[in-house]
Amino acid sequence: MYEEQLVSDSRPVRVRFAPSPTGDLHIGGVRTAQFNWMFARRHGGKFILRIEDTDQKRTQEHSLSSIMDGLRWAGLDWDEGPDIGGDYGPYIQSQRLAHYQYWANWLVEHGKAYRAYETPEELELISAARKASGFPPGYDRRARQLTPEDWARLDAEGKPYVIRLKVPLDGETVFEDMVRGTIRVRNDTLQDAVLLKADGFPTYHLAHVVDDHLMEISHVIRAEEWLPSTPLHILLYQAFGWEPPKFCHVPVILHPSGGKISKRKHPEASISYFIKGGYLPEAVTNFLCNVGWNYGKTDEKGEEIQVFTKEEAAEVFDITRVTQTGTKFDVVKLKWLNGEWIRRLSDEALARRMQPFFEAAGLNAPYETLLKVAPLVKERIKVLTDAVEMAGFLFRDDVPVPEPSTLIPKGLTAEQTCAALQLAHDTLAALPDFEVATQEAALRSTAEQLNIKAGQFFSPIRLAVTGQSVSPPLFEVMAIIGREKVLARLARAIAVLQTTA
RNA sequence: GCCCCUAUCGUCUAGAGGUCUAGGACGCGGCCCUUUCAAGGCCGAAACCGGGGUUCGAGUCCCCGUAGGGGCACCA
């Protein structure tokens, strides 16, 4: 199916991302938001942010700002939303209760819905009894029998009620999903879903249908977990006599071990994991494009282009080509992509982006120094936090004293190593300047003098100066650290070897 | 239990009935480069879930199995 057929000219493209404020933004939510965003940008439509806070128990105080921060971090800007308003506001459902109550009652008045007075406890009993006698669990629609007189009597007793949809007992509901094609469900498998809760708040089913209609949403792009309840939503549109939007259900993101990735069980389900973990928003959105969709452009070698921006993706985004299979979230591949993006950063940009991570590690890393560090770590790190691990020693005075055993390279004795370090020390001390090229020329000829391989020579120097066996290129590192500290650290290592020998 | 969706290398995917000896990427292995580690270059191993149809021809269409996922709340 091609997308062009599904975007009608008569109806402007208006899509929304509608999270519930129950904590951090979920990584799957980011992708859903991104698909909506790309679809809107592709078709010159509007991308709307709406907050679905109709569950008073689960709503969390700081969640709204956390969600908006997450979206901003990912660069998914919205055209209408709680903070910026718009012509269809308010964009927070708890501020739209009058709408839901009006339309719920409208359905009752028109015989499409009814009041039900069962308590949650009674419902549990009903469900259990049905199960026991071989029926599917759920509600048995007994309140359909109630007359308006019954309602008056129960109201007089002060009994709270909910409003339930009167689902047709026979027939089937059919709709077209933009990625899955025709979906067909028998109505007798559907429940008389609650639309308005006893506390006067709507359920998701009612609230989103009313809002999507009132906000003139043209395409509902949402996670696959909504697929089974979509027939119910179609029935609701029919009961109202409204034209439903087009639906598109995108596959869920799975944990590599199988099953839905959940914030409760997996830290990487939350966008903050990636923000704090030193991932670039460019890489995360790039990666998310390839989970359930693919860019499809190839380079001159015939290889698929893997690195692209979400803007580039939006230019060719076709929602009907979204995959239909649940996809596992491969953090390893994300890390690789993140490395690709880091390598594309200018030194200035990389320095700026690394800075907060050094600070978070308690290191005072001036921008000017980071600017020199950037080219050294650029092709060695996958996430920004790697830079702290790899180059943190540049900003630390308490670099660990190396173990004598690690100091001695293969093929050399302790005495030889000690002598080599002493010679390195003296050579460096005598240099006219401390430039990389000067150091390199001098130390390479020193290695020749000593008749040992360059690698054998540089290894103990590296250990002594950086405290690590792995580091960015040695001469660059020493130039940044400065001659004084380098000589001191060499002297310290020499002393360690001497006491051992 | 009932309903819905899905099924190509370990993972993400390309594949719109003949161009498939099934392509790419990550990861993995090897080689080259090299002061460590990377990055980069080259090479390699690695998949159409099973069974029936339809068709001259099926990874591609249909059916049945099987497997995976999702859903059956006064949560979203």
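Above this text is the structure in question.
Computed from a predicted model, the values in this text were never measured in an experiment.

Student: Before we go on, may I ask you to explain the sheet that holds strand β4 (residues 162-165) in this structure?
Tutor: Strand pairing in a sheet is mediated by backbone hydrogen bonds. Such pairs are either parallel or antiparallel. Read across the open sheet, the three strands follow the order β3-β4-β7; overall the sheet is antiparallel. The open sheet is flanked by β3 (113-116) and β7 (194-196), the only strands paired with a single partner. The mean inter-strand angle of the sheet, taken between neighbouring strand axes irrespective of direction, is 45°. The pairing of β3 with β4 spans four bridges and is antiparallel. Directly across from R115, in β4, lies its bridge partner I163.

Student: Please clarify how the nonpolar core should be interpreted in this entry.
Tutor: Side chains of nonpolar character tend, in soluble globular proteins, to be buried together. Within the largest apolar cluster, 110 residues are counted, with the highest numbers of intra-cluster contacts made by M354, I461 and M478. Counting residues per element, this core draws most heavily on helix α1 (residues 27-42), at eight residues. Beyond its immediate chain neighbours, meaning those up to four positions away, I461 contacts L421, A424, L443, L474, M478 and L490. Counting 41 residues, the second largest nonpolar core, distinct from the first, contains A193, A207, I217 and A239.

Student: Sorry, what's going on with unusual backbone geometry here?
Tutor: What is expected of a backbone is that most residues other than glycine have negative phi and most peptide bonds are trans. For the bond running from G89 to P90, omega is -5°, close enough to zero to count as cis. With respect to the helices and strands, P90 occurs in the loop between α2 (63-74) and α3 (97-109). Unusually for a residue other than glycine, E216 sits at a positive phi of about 55°. Along the chain, the position of E216 falls in the loop between α6 (204-214) and β8 (219-223). Of the residues examined, E216 reaches a relative accessible area of 42% and is grouped as partly exposed. Phi is positive for N451, which is not a glycine, with a value near 60°. You can see N451 is positioned in the loop between α17 (436-450) and α18 (454-466). On the basis of relative accessibility, which here comes to 69%, the residue N451 falls in the exposed class.

Student: Sorry, what's going on with the packing of aromatic side chains here?
Tutor: Ring pairs (aromatic) are described by centroid distance and by the angle formed between their planes. Evaluation of the coordinates by the stated rule reveals 19 aromatic pairs. Summarising the aromatic geometry, the rings of Y117 and Y161 are spaced 5.3 Å apart at their centres and angled 50° between planes, so their arrangement reads as tilted. Separated by 44 residues along the polypeptide, Y117 in the loop between β3 and α4 (120-132) and Y161 in the loop between α5 (148-156) and β4 bring together distant segments of the chain. Residue class for Y161 comes out partly exposed when judged on its relative accessible area of 25%. Three or more aromatic residues joined by ring pairs form one cluster here, namely Y102, W103, W106, F240 and W242. Seen from the ring of Y139, R164 lies directly overhead, with NZ or CZ sitting 3.8 Å from the centre. The ring of W37 has K310 sitting right over it, with the charged end atom 5.2 Å from the ring centre.

Student: Would you mind showing me how to read the packing of helix α13 (residues 367-377) against helix α19 (residues 474-481) here?
Tutor: How two helices pack is summed up by the angle between their axes together with the distance between the axes. Axis separation between α13 and α19 bottoms out at 11 Å; the angle between their running directions is 175°. Compared by their axis directions, α13 and α19 come out roughly antiparallel. Residues T369, K372, V373 and L376 of α13 lie in contact with α19, whose contacting residues are E476, V477 and I480. Classifying every residue of the contact of α13 with α19 by side-chain character gives four nonpolar, one polar and two charged.

Student: Would you explain the pattern of salt bridges in this entry?
Tutor: For side chains of opposite charge, pairing can occur when their charged atoms come near one another. Within the structure shown, the criterion is met by 29 salt bridges. We note a salt bridge from R14 to E80, for which the minimum N-O separation is 2.8 Å. Of this pair, R14 sits in strand β1 (residues 14-17) while E80 sits in the loop between α2 and α3, and the two are 66 residues apart along the sequence. Sharing partners across several salt bridges, the network here consists of R16, R50, E52, R96, D211 and D212.

Calculation rules
- Residues numbered from 1 in each chain as written.
- Chains lettered and ligands numbered in written order.
- Predicted model: local features only at pLDDT ≥ 70, side-chain atom pairs only at ≥ 80, totals over all residues.
- Heavy atoms only, no water.
- Pairing = 2+ DSSP bridges.
- Helix = DSSP H or I, 4+ residues; strand = E, 2+ residues; numbered from the N terminus.
- Axes fitted to C-alpha atoms, helices over the stretch in contact; angles between N-to-C directions.
- Core = buried A, V, L, I, M, F, W, Y, C linked by side-chain atoms within 4.5 Å.
- Buried < 20%, exposed > 50% of the residue type's maximum accessible area, 1.4 Å probe, protein only.
- Contact = heavy atoms within 4.5 Å.
- Phe/Tyr/Trp six-rings, centres within 6.5 Å; stacked < 30°, edge-to-face > 60°.
- Lys NZ or Arg CZ within 6 Å of the ring centre and 35° of its normal.
- Parallel < 35°, antiparallel > 145°, perpendicular 65-115°, else oblique.
- Nonpolar A, V, L, I, M, F, W, Y, C, P; charged D, E, K, R; others polar.
- Salt bridge = Lys/Arg side-chain N within 4 Å of Asp/Glu carboxyl O.

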